[in-house]
Amino acid sequence: MVIGVGIWSMFRTNRGTVGGYFLAGRTMTWWPVGASLFASNIGSGHFVGLAGTGAASGIAVGGFEWNALFIVLLLGWLFVPVYLTAGVITMPQYLKKRFGGTRISLYLSVISLFLYIFTKISVDMFSGAVFIQQALGWNIYVAVIALLSITALYTVTGGLAALMYTDTVQTFVIIAGALVLTVFSFVKVGGYSALLASYSSALPSATVSLDPQRYNISPQCYIPRQDAFSLLRDPATGDLPWPGVLFGIAIVGGWYWCTDQVIVQRCLAARSLTHVKAGCIMCGYLKLLPMFLMVFPGMISRVLFPDEVGCVVPEVCKEVCGTEVGCSNIAYPKLVVSVMPSGLRGLMLAVMLAALMSSLASIFNSSSTLFTMDIWTRIRPQAAESELMIVGRVWVLCIVAISICWIPVVQAAQSGQLFDYIQSVTSYLAPPIASVFFLAVFVKRVNEPGAFWGLMGGLLMGLCRMIPEFWFGTGSCLFPSDCPRLVCGVHYLYFAVLLFFCTSVLVLLVSYSSKPIEDQHLHRLVFSLRHSKEEREDLDWKEEERARRARKQAEEKKREKKQEGSLAEEEAKAGICRLVGWFCGVGGSSHVPEQEVPEAAEQLPDISEDPVWKHAVDANAVIMMAVAVFMWGYFA
């Protein structure tokens, strides 16, 4: 079904231009935007990771999801209007227009690709592997290679429009399947009140160390937390302390929802700003669901299968799930295999595969956009549009190859801490990027030296924490880490807050002690000037002009070669070229209209809204915030 939708959208949409392939021709209405935002975010890592952390420590991990209800509103109301008026396709492109120069945008492109390949893809593949192994006993390489191949096929051929239509289908599949499992799980455990009563007594039967010389098992390693049903936990002793949950997650979420290519690209594809806002509201409402569809089922899994999901003796855990540090990651797959009737097991497998494919496809498309528009155009400024189309597709295939090579590393890292580990890595690398974007959009005085040295200082500070943690390991209850307390003692969410503020101070200090950027370069690039109608003199116009000239020369050379070449040769090549061109969405004609360049369109972008619909989406946003505050208050 998913492949069918992908093929339909491939025929239906214009894939032969940069705007058509990377931004779905900017024709998307609010509901595919909202569904695509949700589906891009919810990968199989959420099913396995949220359920696993829920099984191990309770509902606090749901704070990662519910924080997003407020952050998506910042995206739709504050950030996207500026990105639209700037007329950009990628986030590094925005920074290049805002600050000039190339070093900031290059840094952002490289670190974004690094984060995509080694955190997001690895998490999703690890989670998909855990599920497929538990449910089917398949060879992991066969399963993952088949999945990656199908996903890459419709990403390569269809572009963003194919992704957003298939995302919409998959969102309904994901929610329906997870809802069915949640109902079966609550029926099996006896309802919410029974879960409240029995979770605290979900203890494994084997709690005695088999090798007393090597380790001793203290009761705190297997007794469920007393605050398992609290979202906001003690600021000193909590595993997810409440100041970190409120502020640290907001900063990491600000990076993910407001500046990350995967998410912003979906909003830039919307038909108008009102559609962007409505899509963000739809995504926000959908983000209420993971607590009930993933976290609570994870906790139910621990109640139903305390010996497997809650195992604590390393030798027993090794037998159950292949890793010594604990088996909380199998909570969701175990529930599917044991609770669902055999017919519905296939439905849940489809749900997991849909989530995995959706998340991977989003990363493939967005990283190909980043590589093509920000790195390739720097290597070959004369690249014609047809070349950019083909390079985008080839890069997707390269990422698939890297992902397959990464599988052994993912298998070796089957730690019960994987979900937290990825969150912590993001907390060390993302806050400086979030800080620079926030200041770039809202503070006119910030300039290129300030932004660059802020990013470098933030990166250095983040690496000073991340490298020792990689080196010593995060540790577990039985085997604590040897990392010095001074370095690793600060909770990663607290560190994210500290890193954000240190970066912001450094950016402002350097900016205020160096020359400011004049307003003529900032029209429609900062929030306060988003409605400006004055002509903007882009700081990167010289580079743009050089690239445009190089493209024009390349076109002329191509034309000359064509005229010189023999007609017979052309005809011999025509059949194969036409087939490859159709597959990649590049038309048979080699003529590319000059105005369709990868940069901004020449006319002023329109962010005006119909007053009636503007008030309608504003009212909905207020209602959604009220719902979010109620949910936080109820489960606090």
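Please refer to the structure placed before this passage.
Everything in this summary refers to the structure shown in the same document. (Residues numbered from 1 in each chain as written. Predicted model: local features only at pLDDT ≥ 70, side-chain atom pairs only at ≥ 80, totals over all residues. Heavy atoms only, no water.)

## Digging into the state of the cysteines
Within the structure shown, the criterion is met by two disulfides. A sulfur-sulfur distance of 1.9 Å marks the disulfide that ties Cys483 to Cys488. The S-S bond linking Cys483 to Cys488 shows a torsion near 60 degrees; that makes this disulfide right-handed. A relative accessible area of 11% places Cys483 in the buried class. No disulfide involves Cys267; its nearest neighbouring cysteine sulfur is the one of Cys280, lying 4.3 Å away. Relative accessible area serves as the criterion here: at 0%, Cys267 is assigned to the buried category. (Disulfide = S-S within 2.5 Å. Buried < 20%, exposed > 50% of the residue type's maximum accessible area, 1.4 Å probe, protein only.)

## Describing the environment of Val110
Among the secondary structure elements, Val110 is positioned in helix H8 (residues 103–135). Classification of Val110 as partly exposed rests on a relative accessible area of 46%. Considered as a pair, Val110 and Ile375 are 265 residues apart in the sequence and their alpha carbons are 8.6 Å apart. (Helix = DSSP H or I, 4+ residues; strand = E, 2+ residues; numbered from the N terminus.)

## Overview of unusual backbone geometry
One non-glycine residue, Arg524, lies in the positive phi region at around 65 degrees. Among the structural elements, Arg524 can be located in the loop between helix H23 (492–512) and helix H24 (541–564). A relative accessible area of 7% means that Arg524 is categorised as buried.

## Here's the deal with the packing of helix H13 (residues 273–286) against helix H26 (residues 611–635)
Contact pair H13 / H26: the axes reach a minimum separation of 10 Å and the direction vectors enclose 20 degrees. In terms of orientation, H13 and H26 fall into the roughly parallel class. For the crossing formed where H13 meets H26, the hand is left-handed. Taken together, the residues of H26 that come into contact with H13 (itself represented by Thr274, Lys277, Ala278, Ile281, Gly284 and Tyr285) are Trp613, Val617, Asp618, Asn620, Ala621, Ile623 and Met624. (Axes fitted to C-alpha atoms, helices over the stretch in contact; angles between N-to-C directions. Parallel < 35°, antiparallel > 145°, perpendicular 65-115°, else oblique. Left-handed = near helix turned anticlockwise from the far one by under 90°. Contact = heavy atoms within 4.5 Å.)

## Observations concerning the nonpolar core
Counting 141 residues, the largest nonpolar core has Phe47, Trp66, Tyr94, Phe99, Trp257 and Tyr332 as the members making the most contacts within it. For Trp66, the residues in contact, after removing those within four places along its chain, are Leu231, Lys287, Leu288, Met291, Phe292, Met631, Trp632 and Phe635. By size, the runner-up hydrophobic cluster in this structure holds 22 residues, among which are Met125, Leu360, Ile363 and Trp395. (Core = buried A, V, L, I, M, F, W, Y, C linked by side-chain atoms within 4.5 Å.)

## Here's the deal with the packing of aromatic side chains
Under the counting rule described, the total for this entry stands at 25 aromatic pairs. Ring centres of Tyr192 and Phe229 lie 6.4 Å apart, and the angle between their planes is 90 degrees; on these two criteria the pair is classed as edge-to-face. Taken as a pair, Tyr192 in helix H10 (residues 192–199) and Phe229 in the loop between H10 and helix H11 (242–259) lie far apart in primary sequence, 37 residues in all. By way of ring pairs, the aromatic residues Trp66, Phe186, Tyr192, Tyr199, Phe229, Phe292, Phe296, Phe630, Tyr634 and Phe635 are connected into one cluster. One Lys or Arg, Lys334, reaches over the ring of Phe305 and ends 5.5 Å from the middle of that ring. The ring of Tyr512 has Arg445 lying over it, and the distance from NZ or CZ to the ring centre is 5.0 Å. (Phe/Tyr/Trp six-rings, centres within 6.5 Å; stacked < 30°, edge-to-face > 60°. Lys NZ or Arg CZ within 6 Å of the ring centre and 35° of its normal.)

## Observations regarding helix H7 (residues 91–99)
For an α-helix, the turn length of 3.6 residues means that residues three or four places apart are oriented alike. By the criterion of burial, H7 is predominantly enclosed, with nine of the nine residues buried. Among all positions in H7, only Met91, Pro92, Gln93, Tyr94, Leu95, Lys96, Lys97, Arg98 and Phe99 are buried.

## Observations concerning the pattern of salt bridges
Summed over the entire model, instances satisfying the criterion amount to 14 salt bridges. The partner of Asp227 in a salt bridge is Arg225, and the shortest N-O contact between them spans 2.8 Å. A salt bridge links Arg225 to Asp239; the nearest nitrogen and oxygen atoms lie 3.6 Å apart. Residue Arg225 is found in the loop between H10 and H11, and its partner Asp239 is found in the loop between H10 and H11; the two are separated by 14 residues along the sequence. Of the residues examined, Arg225 reaches a relative accessible area of 27% and is grouped as partly exposed. One salt-bridge network, held together by shared partners, links Arg225, Asp227, Arg233 and Asp239. (Salt bridge = Lys/Arg side-chain N within 4 Å of Asp/Glu carboxyl O.)

None of this, on its own, says anything about what the molecule does.
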